[in-house]
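# Architecture at a glance
Okay, here's what each chain looks like letter by letter:
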Amino acid sequence: MSSTPVSSNLVGDVWPAASPAENAVLYGHVELEPSGAFAARSLQTFTMTYTVGRYGLDDTGAIRVVFRYPGDGGKLQMDAPAAPNYVTASASNGTSLDLTFDSYGHARPWFKALTAQVRGGCLREGDSIAIVFGDRSQGSPGMKLQTFCESAYEFKFLADVCATGLFAPIPDTPVISIVPDEAAVWKAVVPTLVGIGEPFYLGIKAEDRWGNPSGNVAANLRIEANIGVEGLPAEITYGGSGNRSLRVDNLSVGEAATVRISVFDENGGLLADANPLIVRNDTHQAFWGDLHGQSGESIGINTAREYYTFGRDLAFLDLCSHQANDFQVNNAFWQEVNDLSAEFHDEGRFVTFPGYEWSGNTAVGGDRNVYFRTEGRPIRRSSHALLPDRSDIDTDSPSASQLFEDLADEDCFVYAHVGGRYADIALAHDPRLETAMEIHSAWGTFEWLLTDSFELGHRSGVVCNSDGHKGRPGASYPGASSFGAYGGLTCFLTNELTRDAIFDCVRRRHHYGTTGNRIYLDVRARFDTPSRLFDKDPAAFPDTGFADASEAMMGDIVWTSDDEVEFSLDVRSHTPIERVDVLVGAECFTTLRGYGEDELGGRIRVTWSGAEYRGRGRQVHWEGDVTFHGAKIKRLERVNGWNPEHRFEQAGDNKVLWESVTAGNFCGFDAWLDEGEAGRVEIASNIVTGEIDMAALGLDPVILEAGGLGRQISVVRLPETNPCLEMKKTVRIPVAAQGDTPIWVRVTTEDGFNAWSSPIFLFREGTGGG
């Protein structure tokens with residue numbers, strides 16, 4: 001991993017024109033002790049010493065230490081000497097210093113700012129200021145480091161020596177390395193769909209409690225499969241050399257099957273179940289990608305090279321793309337993005353796409369992702385907001401409508417997404433380019449983006465990505481900051497792993513998205529009479545071709561004369577399936593389960609979900625407790641407890657205390673009760689309160705509505721154990737006489753993940769679109 005800070009000249013820092021050596025003499029220099037590598041989320045103490053340069057440091061002048069936006073280290077504070085993250089500062093000549101911390105006290109991406117301002121004196125050349133982060137002298141346990149790894153974590157230091165308000169960066173900014181902690185959780189990954197006899201891999205890794213792949217483990221592992229797998233070792237040695245993952249290649253299965261592989265420790269303890277692998281000869285294979293994330297050259301951390309390396313080697317992705325905010329991408333970095341995309345691209349193994357995030361404000365259309373088939377294409381930015389060089393500003397696309405116009409002749413595709421700025425698809429949308437909506441990322445879950453598109457007559461598919469800022473595409477944990485969700489993944493259904501095949505897949509919407517798990521999902525519509533399956537959206541391409549069809553897969557657009565169709569689904573998971581909601585447009589047509597009312601037991605699931613609103617401040621901060629009156633808790637398990645520092649504990653024998661963050665996604669817990677049939681559930685939270693009679697709990701949840709954007713608490717009864725790992729169902733669904741009938745599904749697994757198919761779009765003879 002790199003130990004050099006990511007070059008800040010890519011993000012538009014402004015300071016006096018001087019060489020680093022000149023700045024060191026004039027503005028001073030800084031040192032940090034200790035240096036080296038430190039475990040993620042560990043408690044540490046660092047002393048930063050600034051030695052004043054030739055200019056001195058004037059009265060009301062200041063020094064500042066800034067940290068990157070994604071960092072989720074403990075919030076620095078000066079008020080509680082015995083608490084974590086206590087910071088002190090002192091001047092060698094005794095001059096008074098005012099020490100303040102502001103989470104938005106400096107320019108992007110260095111939002112977090114600790115400032116020490118001189119009061120009632122000055123410092124001369126050779127004087128010094130010592131800042132102690134995590135000062136333990138009065139009982140503080142130290143400074144909490146961030147939850148994710150960073151090869152060059154910067155204490156970026158600046159000085160306003162003349163009290164002008166202009167802070168000059170001091171050269172040789174101090175850095176440390178943040179490395180994984182001890183392994184806590186094991187993961188096993190295989191492909192989802194391969195042909196009979198075709199080679200596949202098994203990927204294994206161990207993560208610390210914050211999701212960082214860890215090399216701090218050595219183990220003798222046992223590998224077992226439910227059927228014979230050619231080339232699969234019965235035992236394998238993991239780790240011992242600092243490697244953070246292991247990949248076993250050239251495995252194969254010689255018959256059609258659903259393969260389930262498990263990893264055990266040497267004593268037979270289960271460590272991980274891999275996702276199911278479906279082996280059959282098919283026109284499609286399944287390839288997993290995360291096409292949306294950033295690195296330290298823009299708003300994230302680590303380098304773009306480290307970003308791609310993580311996605312390929314530690315997240316076991318099949319395809320990936322880097323998506324920097326355009327207003328932070330200068331021409332040199334745009335060239336580097338293209339160079340890296342070309343370097344990492346390896347058809348059949350790891351496909352990349354050069355691209356960027358068009359980051360216009362919602363008022364002009366909102367966030368879009370742009371992906372090119374080939375390198376060397378021009379970047380059409382939303383603005384030059386953080387770019388000092390404006391010589392090419394005339395190439396900007398300052399609105400989403402202008403972007404689509406400027407991309408009309410480009411070989412590219414576009415996603416709409418919800419990040420800091422949400423996409424306004426009513427204001428701008430081009431169905432020839434924008435074929436998918438990103439409805440889940442680390443920012444949260446946004447089904448409303450897709451259901452809005454139905455009302456507007458759009459025909460868009462479903463994608464999910466991480467939009468990660470922590471350098472972990474494909475395995476993006478939210479950490480301890482404002483991100484409340486695990487990053488998403490998209491499964492692309494196509495015949496081969498090439499750029500051309502993925503482009504065709506995206507343009508046909510043959511893909512589904514998940515909140516990070518790798519389930520198998522297939523949905524089909526079958527017709528009673530011959531129907532027309534279009535090559536492209538006939539509303540956008542009136543002259544497109546079509547073929548007679550008796551069935552359609554996810555993403556297809558079909559013109560039919562049938563009053564109703566047979567809709568089938570096939571879901572296979574490595575964790576139990578709680579339910580599958582069959583959706584028609586924005587409405588739930590029916591809910592399918594692998595169990596019935598008579599199989600419900602004393603397990604009660606309580607979940608909370610939703611967002612405040614659509615914009616940047618959408619996170620809901622939940623705090624509450626649940627009391628099971630008339631029953632005792634036998635067992636308790638958290639669902640989507642992404643932040644292990646958030647409160648989740650049992651109080652007494654019948655009460656649960658909890659806190660978490662949601663942004664359209666859901667969190668919660670399961671409680672197994674000794675008396676689940678009688679009594680009542682009392683819920684008290686900072687958002688909503690209520691009581692529910694346990695006797696009223698059945699298959700359908702009882703909902704406490706809480707305003708906002710889908711804020712609610714849900715309580716439902718589940719079976720004591722749920723063995724449903726596969727579900728195959730068929731339902732009849734009517735086709736609307738007018739307009740589109742979009743049919744899609746939402747899968748919920750018991751471990752808290754969702755998956756959504758791209759809709760099948762049906763319309764009737766004589767209606768619009770054909």
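### Comments concerning the pattern of salt bridges
Summed over the entire model, instances satisfying the criterion amount to 46 salt bridges. When the shortest N-O distance is used, the salt bridge between arginine 421 and aspartate 367 registers 2.7 Å. With a gap of 54 residues between them, arginine 421 in the loop between β30 (412-416) and β31 (434-441) and aspartate 367 in the loop between β28 (355-358) and β29 (368-372) connect regions that are remote in the sequence. Across this residue pair, the class does not change: arginine 421 and aspartate 367 are buried. Where glutamate 691 meets arginine 680, a salt bridge forms, and the shortest distance between an N and an O atom there is 3.0 Å. Linking glutamate 691 in strand β49 (residues 689-693) with arginine 680 in strand β48 (residues 680-685), this pair joins segments that are 11 residues apart in sequence. Put simply, Glu447, Glu578, Arg579, Asp581, Arg603, Arg605, Asp670, Arg746 and Glu750 are held in one network by salt bridges that share partners.

### Structural notes on the packing of helix α2 (residues 304-313) against helix α3 (residues 331-344)
Taken N-terminus to C-terminus, the directions of α2 and α3 make an angle of 30 degrees; their axes are 10 Å apart at the nearest point. Taken together, the axes of α2 and α3 are roughly parallel relative to one another. Pair α2 / α3 crosses with right-handed handedness. Where α2 approaches α3, its residues Ala304, Arg305, Tyr308, Thr309 and Arg312 are matched on the opposing element by Phe333, Leu340, Ser341, Glu343 and Phe344. Its residues placed into classes, the contact of α2 with α3 shows five nonpolar, two polar and three charged.

### Overview of the pairing of strand β22 (residues 261-264)
Remark: a regular strand shows side chains that alternate across the two faces of the sheet. Alternating positions in β22 separate into two faces, Ile261 and Val263 on one and Ser262 and Phe264 on the other, with burial throughout. Relative to β22, strand β18 (residues 218-225) is paired through four bridges, and the arrangement is antiparallel. Looking at the pairing, arginine 222 lines up with phenylalanine 264 of β22. Note that β22 and strand β23 (residues 270-273) share three bridges and pair antiparallel. When the sheet's bridge partners are listed, phenylalanine 264 is paired in β23 with leucine 270. Taken together, β22 and the strand that follows it, β23, pair antiparallel across an intervening segment of five residues, in which glycine 268 is found at a positive phi of about 95 degrees.

### Some details on α3
Under the 1.5 Å per step criterion, the end-to-end length of α3 is 20 Å for 14 residues, consistent within 8% with the ideal 20 Å. By the burial criterion, the buried members of α3 are Phe333, Trp334, Val337, Asn338, Leu340, Ser341 and Phe344. Buried residues of α3, viewed axially, fall in a sector of 165 degrees; they line one side. Of the surrounding elements, those touching the buried residues of α3 are α2, β27 (351-353), β28, β29 and α6 (499-508).

Conventions used here
- Residues numbered from 1 in each chain as written.
- Predicted model: local features only at pLDDT ≥ 70, side-chain atom pairs only at ≥ 80, totals over all residues.
- Heavy atoms only, no water.
- Salt bridge = Lys/Arg side-chain N within 4 Å of Asp/Glu carboxyl O.
- Helix = DSSP H or I, 4+ residues; strand = E, 2+ residues; numbered from the N terminus.
- Buried < 20%, exposed > 50% of the residue type's maximum accessible area, 1.4 Å probe, protein only.
- Axes fitted to C-alpha atoms, helices over the stretch in contact; angles between N-to-C directions.
- Parallel < 35°, antiparallel > 145°, perpendicular 65-115°, else oblique.
- Left-handed = near helix turned anticlockwise from the far one by under 90°.
- Contact = heavy atoms within 4.5 Å.
- Nonpolar A, V, L, I, M, F, W, Y, C, P; charged D, E, K, R; others polar.
- Pairing = 2+ DSSP bridges.
- Expected span 1.5 Å × (residues − 1).
- Arc of directions from axis to C-beta.

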